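# Results of the structural survey
The lines below spell out each chain.
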Amino acid sequence: MSRVLRVLLTLVLGLALVLSPGVARAELVDIPYTVVRGDTGRRIARRFGLTYAELVALNEGHSLERLRVGESIVVGRGHRHVHRVHAGESLSDIAGRYRVSLAELQRWNVGLRPARLARGQEIVLYSDREEPPSESVGEVDDGSLVNGIALPPHPGYVVRHRERTFLTLEAADRLLHAFDRLRDEDEDAPRVQIGDASRARGGPLDQHRSHQSGRDVDIDYFYRRCRETCGHHRLTADQLDADRQWRLIEPWLREGAVEYIFIDHALQEPLYEAARRAGASRNDLSRWFQWPRAIDVRVGVIRHVPSHADHMHVRFTCAPHDTGCVPSDGRDPRHE
Ligand SMILES: [Zn+2]
């Protein structure tokens with residue numbers, strides 16, 4: 001994809017973040033610091049990786065020559081977030097999510113005791129992240145979504161119901177990248193329709209058992225003779241546009257980005273052949289596909305679950321920092 005298009009997409013994603021309910025972008029503000037005994041302007045500047053001139057510039061009209069203990073000065077600019085602690089969350093989890101240090105968290109929250117975090121406790125922090133990190137919480141069939149984003153528009157797909165297409169930022173990113181890549185290699189690819197992901201805050205979604213935690217999404221198939229948009233149609237094996245379908249999902253499999261992709265057993269055969277044509281090794285094929293094993297053999301990332309002849313269901317893995325996310329690997333996904 002051209003750089004211009006990529007920049008545009010970034011803007012669109014940014015706009016989607018601004019417009020999504022539940023995602024408050026944090027204002028860029030001065031980062032305060034409270035002077036302690038022994039501080040001098042020069043020492044403080046050094047501690048925050050600033051030159052003295054930079055520190056002076058940040059504190060225009062405020063003398064740094066005679067600092068008093070307890071006085072507040074400015075040591076940088078950042079996005080101010082108030083994070084509410086979840087059950088089981090540690091201070092280093094929070095530091096990791098927002099890309100700040102433990103020392104910073106303690107400095108911004110005087111009296112904070114890392115071993116005694118209470119659920120719901122508010123932690124003030126300043127981060128270079130504008131949007132709060134999203135989180136997939138709990139299990140796919142008993143979970144929720146925090147700071148999810150509505151899937152932004154993209155030339156590669158149409159979204160059926162915006163209010164049912166929320167994902168974690170990571171999952172949305174993986175989806176967008178896959179469609180970016182597909183367009184790079186295959187300019188003529190038609191659009192596909194995206195069905196349900198999650199609601200803005202996750203939780204139960206009618207007609208689904210899973211889809212509760214922002215990492216499940218239903219995507220219609222590419223099929224032969226599909227015009228501008230490939231919509232919701234029940235397909236037979238010979239109707240699937242398997243090479244194109246494979247191009248879309250292959251990177252997710254290679255990168256270990258998906259726990260499962262539910263695809264009707266009969267549609268797995270042409271997809272398997274497409275994967276083989278595209279150079280997948282015997283090992284990869286065996287790991288990724290249930291096919292050519294029988295419909296009741298519960299192995300493979302790509303596997304049969306009833307009612308997936310008209311769309312595939314993609315379940316992304318938990319993001320590394322997402323400590324409240326419960327993987328569903330190994331559980332029998334027979335009913336979705
Ligand atoms: Zn689904």
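Everything numeric here is computed off the predicted structure, so don't read it as measured data. (Residues numbered from 1 in each chain as written. Predicted model: local features only at pLDDT ≥ 70, side-chain atom pairs only at ≥ 80, totals over all residues.)

### Quick notes on the overall build of the protein
Let me state the cut-off plainly: Elements are defined by DSSP. Helices are runs of H or I of four residues or more, strands are runs of E of two residues or more, and each kind is numbered from the N terminus. Residue burial is a threshold on neighbouring C-beta atoms within 10 Å of the residue's own C-beta, all placed from the backbone, with 20 or more meaning buried, 12 or fewer meaning exposed, and counts in between meaning partly exposed. Each residue is represented by a C-beta atom placed from its backbone, and any two residues with such atoms within 7 Å are regarded as in contact.
Counting its regular elements, the protein contains nine helices and 14 strands. On the principal axes, the C-alpha backbone points of the protein span a range of 80 × 45 × 35 Å. Evaluated residue by residue, the protein yields a buried proportion of 38% over its 336 residues. A fraction of 69% describes how many contacts in the protein between residues 6 or more apart in sequence connect residues 24 or more apart.

### So, the sheet that holds strand β1 (residues 28-34)
Strands pair in a sheet through their backbones, by hydrogen bonds, and they do so in one of two ways: parallel or antiparallel. The condition that has to hold: Between any two strands, pairing holds if DSSP finds at least two bridges. The axes used here are C-alpha line fits, helices contributing only the stretch in contact, and every angle between their N-to-C directions lies in the interval 0 to 180 degrees.
The strand order across the open sheet built from three strands is β1-β2-β3, with neighbouring strands paired in antiparallel fashion. Either end of the sheet is taken by a strand with one partner, and the two such strands are β1 and β3 (122-127). Sheet twist, expressed as the average angle between the axes of neighbouring strands with direction ignored, equals 60°.

### Section: the packing of helix α7 (residues 242-254) against helix α8 (residues 265-277)
Counted only if it meets this: Oblique is the label for any angle not under 35 degrees, not over 145, and not in the 65 to 115 range, which are roughly parallel, roughly antiparallel and roughly perpendicular in turn. Take the far helix as the reference: if the near one is turned anticlockwise from it by less than a right angle, the crossing is left-handed, and if turned clockwise, right-handed. Amino acid classes used here: Ala, Val, Leu, Ile, Met, Phe, Trp, Tyr, Cys and Pro are nonpolar; Asp, Glu, Lys and Arg are charged; the rest, including Gly, are polar.
Interaxial distance between α7 and α8 falls to 8 Å at its minimum, and their mutual angle equals 70°. Classified by the interaxial angle, the pair formed by α7 and α8 is roughly perpendicular. Once α7 is placed against α8, the crossing between them reads as right-handed. Contacts between α7 and α8 pair Ala242, Asp243, Gln245 and Trp246 from the former with Pro270, Leu271, Glu273, Ala274 and Ala275 from the latter. A breakdown of the residues in the contact of α7 with α8 according to their chemical character gives six nonpolar, one polar and two charged.

### Considering unusual backbone geometry
Looking along the chain, the bond that leaves Trp291 and enters Pro292 is cis, with omega of 5°. For Pro292, the location among the structural elements is in the loop between α9 (282-288) and β13 (302-303). For Arg99, which is not a glycine, the phi torsion comes out positive at approximately 60°. In this structure, Arg99 sits in the loop between α4 (91-98) and α5 (102-108). Phi is positive for Gln207, close to 75°, though the residue is something other than glycine. Among the structural elements, Gln207 can be located in the loop between β9 (191-194) and β10 (216-219). The class of Gln207 is exposed, set by 10 C-beta atoms lying within 10 Å.

### Side note on the environment of Gly38
Within the secondary structure, Gly38 sits in the loop between β1 and α2 (41-47). Placed 251 residues apart in sequence, Gly38 and Phe289 show a C-alpha to C-alpha distance of 64 Å.

### What about helix α6 (residues 169-185)?
The line we're drawing: For a helix, the expected span equals 1.5 Å multiplied by the residue count minus one.
Here α6 spans 24 Å end to end across 17 residues, near enough to the 24 Å set by a 1.5 Å rise per residue. Of the positions making up α6, those classed as buried are Leu169, Glu170, Ala171, Ala172, Arg174, Leu175, Leu176, Ala178, Phe179 and Leu182.

### A word on the nonpolar core
This is how the line gets drawn: To count as a nonpolar core, a set of buried Ala, Val, Leu, Ile, Met, Phe, Trp, Tyr and Cys residues must be joined through C-beta atoms within 7 Å.
Judged by nonpolar contacts, the single largest core of 56 residues is most densely connected at Leu167, Ala172, Leu175, Ile261 and Leu271. Ranked by the residues each element gives to this core, the list is headed by α6, at eight residues. Look past the residues within four positions of Leu175 in its chain and what remains in contact with it is Leu151 and Val217. The next biggest cluster of nonpolar side chains, apart from the first, holds 12 residues, and it includes Tyr33, Ile44, Leu125 and Tyr126.

### Notes on the domain arrangement of the protein
Which entries qualify depends on this criterion: How far each domain reaches was decided by an automatic or database domain assignment.
Segmentation of the protein into domains returns domain 1 (26-130) and domain 2 (137-316). Placing the centre of domain 1 and that of domain 2 at their C-alpha centroids yields a distance of 42 Å.

### Looking at the pairing of strand β4 (residues 135-139)
Bridge count for β4 against strand β5 (residues 142-146) is five bridges, and the pairing is antiparallel. Note on β5: the bridge partner recorded for Glu139 is Asp142.

### A look at the environment of Ser63
Its location among the elements puts Ser63 in the loop between α3 (52-58) and β2 (72-84). Of the residues examined, Ser63 has 9 C-beta atoms within 10 Å and is grouped as exposed. Distance in space between the C-alpha atoms of Ser63 and Ile73 is 9.7 Å, their sequence separation being 10 residues.

### Section: the packing of α6 against α7
One way to put it is that α6 packs onto α7 with a least axis distance of 9 Å and a crossing angle of 130°. Taken together, the axes of α6 and α7 are oblique relative to one another. For the crossing formed where α6 meets α7, the hand is right-handed. Between α6, through Arg174, Ala178, Arg181, Leu182 and Glu185, and α7, the contact on the second element is made entirely by Arg247, Leu248, Pro251 and Trp252. The class makeup of the residues in the contact of α6 with α7 is five nonpolar, no polar and four charged.

### Here's the deal with the environment of Arg80
Tracing the backbone through its elements, the reader meets Arg80 in strand β2. Take Arg80: there are 16 C-beta atoms within 10 Å of it, and that puts it in the partly exposed class. In contact with Arg80, other than residues within four places in its own chain, are Ala26, Glu27, Val29 and Tyr126.

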